[in-house]
Amino acid sequence: MEGKREYGAEDFLRSVKEARIEKRRCEFRLEELRSQCERMTAAYGPSAGGEGELHKDALLIAAAEQTEILRGKVIAYVRRIAVVEDFIAGLPDVRQRMILRLRYIDVLGWNSVREGLQEYGLYYEDRQMFRLHGAALAEARKRFPAYAEEHPGIIPNEEAKAV
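Values in this document were obtained by computation on a predicted structure and should not be read as measured data. (Residues numbered from 1 in each chain as written. Predicted model: local features only at pLDDT ≥ 70, side-chain atom pairs only at ≥ 80, totals over all residues. Heavy atoms only, no water.)

*Asks:* What am I meant to see in the nonpolar core here?
*Replies:* In summary, soluble globular proteins display a tendency toward joint burial of nonpolar side chains. By size, the foremost hydrophobic cluster in this structure holds 32 residues, and its most contacted members are Leu 100 and Leu 117. Among the elements of the structure, α1 (9-44), α2 (50-89), α3 (94-105), α4 (110-119) and α5 (126-150) are those that each provide at least two residues to this core. The element best represented in this core is α5, accounting for eight residues. (Core = buried A, V, L, I, M, F, W, Y, C linked by side-chain atoms within 4.5 Å. Buried < 20%, exposed > 50% of the residue type's maximum accessible area, 1.4 Å probe, protein only. Helix = DSSP H or I, 4+ residues; strand = E, 2+ residues; numbered from the N terminus.)

So this is what it looks like as structure tokens:
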């Protein structure tokens, strides 16, 4: 039986996308709850009382709780972006930094990454762009262990330990 794979540079870079997805999921749930609250208010009126009022109160409480959860997700997302950007900023090659920012911070597909590079006057064929990305990942892999050691808590299982 194989052991669990070690958390690496690619996982760290992809963590921005995961945080963004989780934040959006919470935003969607909050919007659903707000919509339900608005429908309940419209259906029962402002002073309906009774069972409908209890249901509306439960929805309002759920919306308030979801708002707090979302606030935490937004803070985690912003912190994750900051730490990943700091890591990328430490790479020596500006082209590597640009491609990693476009791909992992801005979460762009390859066509959009190419267009983003072109905005800065960098025109690459797909093979060149993928080769540059591969070189950037190789450099990130090389630097990540030292960065993770200097910044305790950036690896998900260690976040609770660092607090």
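Once you've had a look at it, read on.
*Asks:* I keep staring at α4 and nothing clicks. Help me out?
*Replies:* Think of an α-helix as turning once every 3.6 residues; residues three or four places apart then point the same way. Along α4, the residues classified as buried are Val 113, Arg 114, Gly 116 and Leu 117. When α4 is viewed along its axis, its buried side chains cluster within an angular range of 160° and face the same direction. Set apart from the buried face of α4 by more than 90 degrees, the exposed residues are Asn 111 and Glu 119. Contacts from the buried residues of α4 go to α3 and α5. Backbone geometry just downstream of α4 places Gly 121 in the positive-phi region, at approximately 80°. (Arc of directions from axis to C-beta. Contact = heavy atoms within 4.5 Å.)

*Asks:* Would you explain the environment of Val 94 in this entry?
*Replies:* Summarising the element assignment, Val 94 is placed in helix α3. The sequence separation of Val 94 and Ala 136 amounts to 42 residues, and the corresponding C-alpha distance is 10.0 Å.

*Asks:* Even after reading the chapter, I still don't get the side chain of His 133, so can you show me in this structure?
*Replies:* Tracing the sequence through the fold places His 133 in helix α5. In this structure His 133 touches Ile 99, Leu 100, Arg 103, Tyr 104 and Trp 110, once residues within four positions along its chain are discounted.

*Asks:* Looking at this structure, I do not really get α3. What am I missing?
*Replies:* The complete set of buried residues in α3 reads Gln 96, Arg 97, Met 98, Ile 99, Leu 100, Leu 102, Tyr 104 and Ile 105. Looking at where α3 begins, the residue whose side-chain oxygen comes 2.7 Å from the main-chain nitrogen of Arg 95 is Asp 93. At the C-terminal side of α3, Val 107 shows a positive phi close to 55°. (Polar contact = N/O pair within 3.5 Å; in protein donor to acceptor, adjacent residues only side chain to side chain.)

*Asks:* Help me out: how do you make sense of the packing of α3 against α4 in this one?
*Replies:* Packed helix pairs are characterised by how far apart their axes lie and by the angle those axes make with each other. Two elements in contact, α3 and α4, have axes whose closest approach is 9 Å; the angle formed by their N-to-C orientations is 140°. With respect to each other, α3 and α4 are oriented oblique. Regarding α3 and α4, the two cross each other, and that crossing is right-handed. Between α3, through Met 98, Ile 99, Leu 102 and Arg 103, and α4, the contact on the second element is made entirely by Trp 110, Val 113, Gly 116 and Leu 117. In the contact of α3 with α4, the residues fall into six nonpolar, one polar and one charged. (Axes fitted to C-alpha atoms, helices over the stretch in contact; angles between N-to-C directions. Parallel < 35°, antiparallel > 145°, perpendicular 65-115°, else oblique. Left-handed = near helix turned anticlockwise from the far one by under 90°. Nonpolar A, V, L, I, M, F, W, Y, C, P; charged D, E, K, R; others polar.)

*Asks:* I'm lost on the packing of α4 against α5 in this one. Help?
*Replies:* Contact geometry for α4 and α5: axes closest at 11 Å, N-to-C directions at 90°. Put simply, α4 runs roughly perpendicular to α5. Contacts from Trp 110, Val 113, Arg 114 and Leu 117 of α4 reach α5 at Asp 126, Met 129, Phe 130 and His 133. A class-by-class count of the residues in the contact of α4 with α5 yields five nonpolar, one polar and two charged.

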